[in-house]
Amino acid sequence: FVLFGLLFCMLAFMAHWMLGTRIGEFQTFGKTIESQARMLFGEFIYAQHAQELEGMMVMMYWLYAFTFLLVVYFTLLNFFLAIIVESFTDVKREESMNVAEQSFAADCIDALMAGSRRRLRHWPAYVDVLKTLNKCQADKEATGELKVLQKQSDVSDKMTARQFAAMFPQFS
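For every chain, the first residue of the written sequence is number 1, and numbering continues from 1 onward in sequence order. Only residues with pLDDT of 70 or above have their local features reported here, since the model is predicted, and side-chain atom pairs are shown and tallied only from 80 upward, although totals for entire chains, interfaces and linings are computed over all residues. Excluding hydrogens and water, the side-chain values take into account all heavy atoms of the structure.

Visitor: Teacher, can you tell me more about the overall build of the protein chain here?
Guide: Numbering of helices and strands runs from the N terminus; a helix is a DSSP stretch of H or I covering at least four residues, while a strand is a stretch of E covering at least two. When its secondary structure is counted, the protein chain shows seven helices and zero strands. Counting helices and strands in the order they occur from the N terminus, the protein chain gives α-α-α-α-α-α-α. The contact rule is simple, with two residues in contact once any of their heavy atoms fall within 4.5 Å. Counting contacts in the protein chain only where the partners sit at least 6 residues apart, residues at least 24 apart contribute 58% of the total. Put simply, the protein chain shows about 12800 Å² of open surface, and 65% of that area lies on carbon and sulfur atoms. Computed by Shrake-Rupley with a 1.4 Å probe, the accessible areas treat only the displayed protein chains as cover when residues are assessed.

Visitor: Help me out: how do you make sense of the packing of helix 1 (residues 2–19) against helix 3 (residues 56–97) in this one?
Guide: Any two packed helices are characterised by how steeply their axes cross, that is the angle between the axes, and by the distance between the axes. The axes used here are C-alpha line fits, helices contributing only the stretch in contact, and every angle between their N-to-C directions lies in the interval 0 to 180 degrees. Following both chains from N to C, one finds helix 1 and helix 3 inclined at 170 degrees, their axes separated by 11 Å at the closest point. Here helix 3 runs roughly antiparallel to helix 1, going by the angle between their axes. Judged by residue contacts, F4, L7, F8, L11, M14, A15, M18 and L19 of helix 1 engage M57, M60, Y61, Y64, T67, F68, V71, V72, T75, L76 and F79 from helix 3. In this classification, the charged set is Asp, Glu, Lys and Arg, the nonpolar set is Ala, Val, Leu, Ile, Met, Phe, Trp, Tyr, Cys and Pro, and all remaining amino acids, among them Gly, are polar. For the contact of helix 1 with helix 3, the per-class residue count stands at 17 nonpolar, two polar and no charged. Orientation labels follow simple angle bins: below 35 degrees gives roughly parallel, above 145 gives roughly antiparallel, 65 to 115 gives roughly perpendicular, and whatever is left gives oblique.

Visitor: Could you clarify how one ought to interpret the packing of aromatic side chains in this entry?
Guide: Describing an aromatic ring pair means giving the distance of the ring centres and the angle of the ring planes. Two rings from Phe, Tyr or Trp (for Trp, the six-membered ring) form a pair when their centres sit within 6.5 Å of each other. Planes less than 30 degrees apart are called stacked, planes more than 60 degrees apart edge-to-face, and all others tilted. Applying the stated rule across the entire model yields five aromatic pairs. Seen from their ring centres, F26 and Y64 are 5.6 Å apart, and the 85 degrees between their planes marks the pair as edge-to-face. With F26 in the loop between helix 1 and helix 2 (29–40) and Y64 in helix 3, this pair connects stretches of sequence that are 38 residues apart. Grouping residues by exposure puts F26 and Y64 together as buried. An angle of 35 degrees between the planes, with centres 5.8 Å apart, marks the rings of W62 and F66 as tilted. Of this pair, W62 and F66 both sit in helix 3, four residues apart, which is roughly one turn of the helix. Cluster of aromatic residues (ring-pair linked, three or more members): F8, F26, Y64 and F68. Think of it in three bands: with a 1.4 Å probe and only protein chains considered, a residue is buried below 20% of the maximum accessible area for its type, exposed above 50%, and partly exposed in between.

Visitor: It is not clear to me how the nonpolar core should be interpreted in this structure. Could you clarify?
Guide: Nonpolar side chains in soluble globular proteins generally cluster together in the buried interior. Among the buried residues, those of types Ala, Val, Leu, Ile, Met, Phe, Trp, Tyr and Cys that are joined through side-chain atoms within 4.5 Å form a nonpolar core. Ranked by internal contacts, the top residues of the largest apolar core, which has 19 residues, are L19, I23, F26, Y61 and Y64. Every element with two or more residues in this core is listed here: helix 1, helix 2 and helix 3. No other element matches the six residues that helix 1 contributes to this core.

Visitor: Help me understand the pattern of salt bridges, please; the structure alone is not making it clear to me.
Guide: Where charged atoms from two side chains of opposite charge come close, those side chains can pair. Salt bridge, as applied in this entry: a Lys or Arg side-chain nitrogen positioned within 4 Å of an Asp or Glu carboxyl oxygen. By the definition in use, this model includes three salt bridges. Two residues, R38 and E34, come together in a salt bridge whose shortest N-O distance is 3.6 Å. With R38 and E34 both in helix 2, this residue pair falls four residues apart, about one helical turn. Judged by its relative accessible area of 25%, R38 falls in the partly exposed class.

Visitor: Explanation requested: a nonpolar patch on the surface in the structure shown.
Guide: Taken together, L70, F74, L77, F80, L81 and I84 make up a surface patch of nonpolar side chains, about 570 Å² in accessible area. Inspection of the secondary structure assignment puts I84 in helix 3. For I84, a relative accessible area of 40% corresponds to the partly exposed category. For patches, a residue must show more than 30% relative accessible area and have no salt bridge; joins then use 9 Å for like charges and 5 Å for nonpolar side chains, namely Val, Leu, Ile, Met, Phe, Trp and Tyr.

That's the geometry; what it means functionally is another story.
This is how it looks when you write it as structure tokens:
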């Protein structure tokens, strides 16, 4: 935004210096800044007393007005695009670190089928498993057992209820 502020002030000084004696909106540097802000927000492009300009000053006014609009709008557009591109690259980088083993459709079907698979194989409810794991983690004596459970947690879909019960003896 330093670049934008520098360009904005430079164009304000240029307008005040060239047009300040002839157009009321540019009489002082403060009025010029205010007029440029109104121009920036689209309030006007044609100053009130610009029709009273003659000869070369008309061309100078329009040269200033178009220069102001082009420089300011392109600078703001570049800022806006830079913000969007930076956000896009951040999201893309985060998404590349997101590893999915299956497609979205397969994950949805798997999530829907998980409950019936659990009931069919007589596995304990997820809440009970989480409670047991939290209880084991809180228990100072069970920390070694928890590490063993974490190593054995490579559970496949073909695991039987007996194998699962062996991993969690509290449910057998």
